[in-house]
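Here are the chains, one letter per residue:
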Amino acid sequence: MPTEIPLLAGGAALAAGLVLVPLAAHLARRRGWVAVPRADRWHRRPTALMGGLGIYAATVAGLGASGALAGELPLVGLLCGATVMMGLGAVDDRRSVMPRPKLLTELACTGLAFALEVRALPGAPWWVGLPVTALWVVGLTNALNLLDNMDGLAGGAAALGALALGGILLGQGDQGGAAFAFAVAGSTLAFLRENRHPARVFMGDCGSLFLGYALAVLALRAHGGAWAAGPVRATAIPLVLLCVPIADTTLVTVMRLWNGRPVSQGGRDHASHRLVYLGLSEPAAVGVLHGACAAAGAAAWALAGLHPQAGAIAAAATVGVTLLLFIRLARVDAYRRPAPPAPPPGPAPADHRAPGTLAPAAGGRPPVRAPATVPELRVGLFRGRSAQARHDGVG
């Protein structure tokens, strides 16, 4: 396959997404497929769902227009698995699928990837490799689903991860995998045009499950492509690349268990929410996590490329800083926050207050200051509870 095809797939998916994502949002609004504000959710106004349909359709359009699927049976099989995941998410968006059939569907799609030689620990026997593969695919798919908790966050993380995976797979000579990755990146970048704050459309479960599965199986292709260079290095690549959604899911799971809350219950206790509680604006909080995703992608690319020693240092530094950040965020009390009341009808009024003043708790969110400066962020992160006390109305 020529090297130009992966780049063509990404460009075609981006162009298609600029048309298909707004179309999906328009369809969702006409059909009444909207996300209504709830006490355990962050958004304040009804917002169209099904942006994931546009992401999926643009990805398929990019792969088809570039000819990347021609003669690539494994790639077609992976796309079939991703299609099933997208369909599962679309049904869940409309009718709320129960956990057991959802898990069984995710395991079935994992089995399809395993049968196509996309698996963890390629040198291990199947009875070892299959459970590890299932743990990775199901875990990462749901991690990205959980990361979809603030405008632009999951879409940006997926786009950055897909771009890094495209570069890694291209370097390994896996043109088909790179085409899939760049198509996912292009369609997701187009989606971000509609999903950045304030979002006009959400990806929904149909988008997050599709993107999570796609990233999981593409990361396993990169893992398999690096296996000859050593199992430790090959295993580190996907873990470093996707350390932010992994860390966010771990943070939420541990803190909910620690506070006696059901892990499956939604809430405003993710890393993005905790950054806002420390004083950042929503775009700034998302930007911090996107920066961590970009650093992780660059470190994984270096680790997989021609500079493994530099990549190992960069990977260790990235994971270390991310770990310190999430440890600090775990100290933020995210559970004693006012529940949001029903939002007022109509568009939100413009805010003409001077920069730096406290905004009222619109939609029940804790008061949010204007975007924090670097010194303010340093105070909020490393000088204890001062910023958090301001949000609680103390001091």
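Relevant structure appears above.
Since the structure is predicted, the reported quantities are computational estimates derived from the model, not experimental observations.

> Quick question: what am I supposed to make of the overall build of the protein here?
Counting secondary structure elements, the protein contains 15 helices and two strands. Burial analysis of the protein (395 residues in total) assigns 51% to the buried set. Counting contacts in the protein only where the partners sit at least 6 residues apart, residues at least 24 apart contribute 74% of the total. Surface accessibility of the protein: about 17,300 Å² in total, with carbon and sulfur atoms responsible for 68%.

> What exactly am I supposed to notice about the pattern of salt bridges here?
A side chain of one charge can pair with a side chain of the opposite charge if their charged atoms are brought near each other. On inspection of all chains with the given rule, the structure shows six salt bridges. Its salt-bridge partner being Asp 174, residue Arg 221 comes within 2.8 Å of it at the nearest N-O pair. Of this pair, Arg 221 sits in helix α8 (residues 204-225) while Asp 174 sits in the loop between α6 (153-171) and α7 (175-195); the two residues are 47 residues apart in sequence, bridging distant segments of the chain. There is no split in this pair, since Arg 221 and Asp 174 are both buried.

> What am I meant to see in the environment of Ala 58 here?
When you line up the elements, Ala 58 lands in helix α2 (residues 51-66). In this structure the C-alpha to C-alpha distance between Ala 58 and Val 21, which are 37 residues apart in sequence, comes to 8.0 Å. Ignoring sequence-local partners within four residues, the contact set of Ala 58 consists of Ala 13, Ala 16, Gly 17, Leu 20 and Ser 187.

> Would you explain the side chain of Glu 106 in this entry?
By the element assignment, Glu 106 lies in helix α4 (residues 99-115). There is a polar contact of 3.2 Å between the side chain of Glu 106 and the side chain of Asn 142. Not counting the four nearest positions on each side in its chain, Glu 106 is found in contact with Met 85, Leu 88, Val 138, Thr 141, Asn 142 and Leu 209.

> Where do I start with the packing of aromatic side chains in this structure?
How two aromatic rings sit relative to each other is set out by the distance from centre to centre and by the angle between their planes. Going through the model one piece at a time under the given rule, you end up with one aromatic pair. Measuring from centroid to centroid gives 5.5 Å for Tyr 56 and Phe 210, while their planes differ by 90 degrees, and the two rings are edge-to-face. Of this pair, Tyr 56 sits in helix α2 while Phe 210 sits in helix α8, placing them 154 residues apart in sequence. Residue Tyr 56 is classed as buried on the basis of its relative accessible area of 17%. Residue Phe 210 is classed as buried on the basis of its relative accessible area of 0%. Looking at Arg 119, its charged tip hangs above the ring of Phe 114, at a distance of 3.8 Å from the centre.

> Any chance you could explain unusual backbone geometry here in plain terms?
Note: most residues except glycine have negative phi, and most peptide bonds are trans. Between His 197 and the following residue, Pro 198, the backbone shows a cis peptide bond with an omega angle of -5 degrees. Counting through the fold element by element, Pro 198 comes out in the loop between α7 and α8. The phi dihedral of Glu 117 is positive, around 70 degrees, even though this residue is not glycine. Mapped onto the secondary structure, Glu 117 falls in the loop between α4 and α5 (126-147). One non-glycine residue, Leu 121, lies in positive phi territory at about 50 degrees. Summarising the element assignment, Leu 121 is placed in the loop between α4 and α5.

> Mind showing me how you'd approach the side chain of Ser 66 here?
With respect to the element layout, Ser 66 can be found in helix α2. The class of Ser 66 is buried, set by a relative accessible area of 8%. With residues near it in sequence (within four places) discarded, Ser 66 still touches Ile 5, Leu 8 and Ala 9.

> Just checking my understanding: could you explain the packing of helix α1 (residues 4-31) against α7 for this structure?
Axis angle and axis distance: for two packed helices, these are the angle between their axes and the distance between the axes, and together they describe the pair. Between α1 and α7, the least distance of the axes is 7 Å, while the angle of their chain directions is 30 degrees. In terms of their interaxial angle, α1 and α7 are classed as roughly parallel. Crossing handedness for the pair α1 and α7: right-handed. Here Pro 6, Leu 7, Ala 9, Gly 10, Ala 13, Leu 14, Gly 17, Leu 18, Val 21 and Pro 22 of α1 come into contact with α7, specifically with Gln 175, Ala 178, Ala 179, Phe 182, Ala 183, Gly 186, Ser 187, Leu 189, Ala 190, Phe 191, Arg 193 and Glu 194. Split by residue class, the contact of α1 with α7 holds 15 nonpolar, five polar and two charged.

So, how was this worked out
- Residues numbered from 1 in each chain as written.
- Predicted model: local features only at pLDDT ≥ 70, side-chain atom pairs only at ≥ 80, totals over all residues.
- Heavy atoms only, no water.
- Helix = DSSP H or I, 4+ residues; strand = E, 2+ residues; numbered from the N terminus.
- Buried < 20%, exposed > 50% of the residue type's maximum accessible area, 1.4 Å probe, protein only.
- Contact = heavy atoms within 4.5 Å.
- Areas by Shrake-Rupley, 256 points an atom, 1.4 Å probe, with all protein chains shown as cover.
- Salt bridge = Lys/Arg side-chain N within 4 Å of Asp/Glu carboxyl O.
- Polar contact = N/O pair within 3.5 Å; in protein donor to acceptor, adjacent residues only side chain to side chain.
- Phe/Tyr/Trp six-rings, centres within 6.5 Å; stacked < 30°, edge-to-face > 60°.
- Lys NZ or Arg CZ within 6 Å of the ring centre and 35° of its normal.
- Axes fitted to C-alpha atoms, helices over the stretch in contact; angles between N-to-C directions.
- Parallel < 35°, antiparallel > 145°, perpendicular 65-115°, else oblique.
- Left-handed = near helix turned anticlockwise from the far one by under 90°.
- Nonpolar A, V, L, I, M, F, W, Y, C, P; charged D, E, K, R; others polar.

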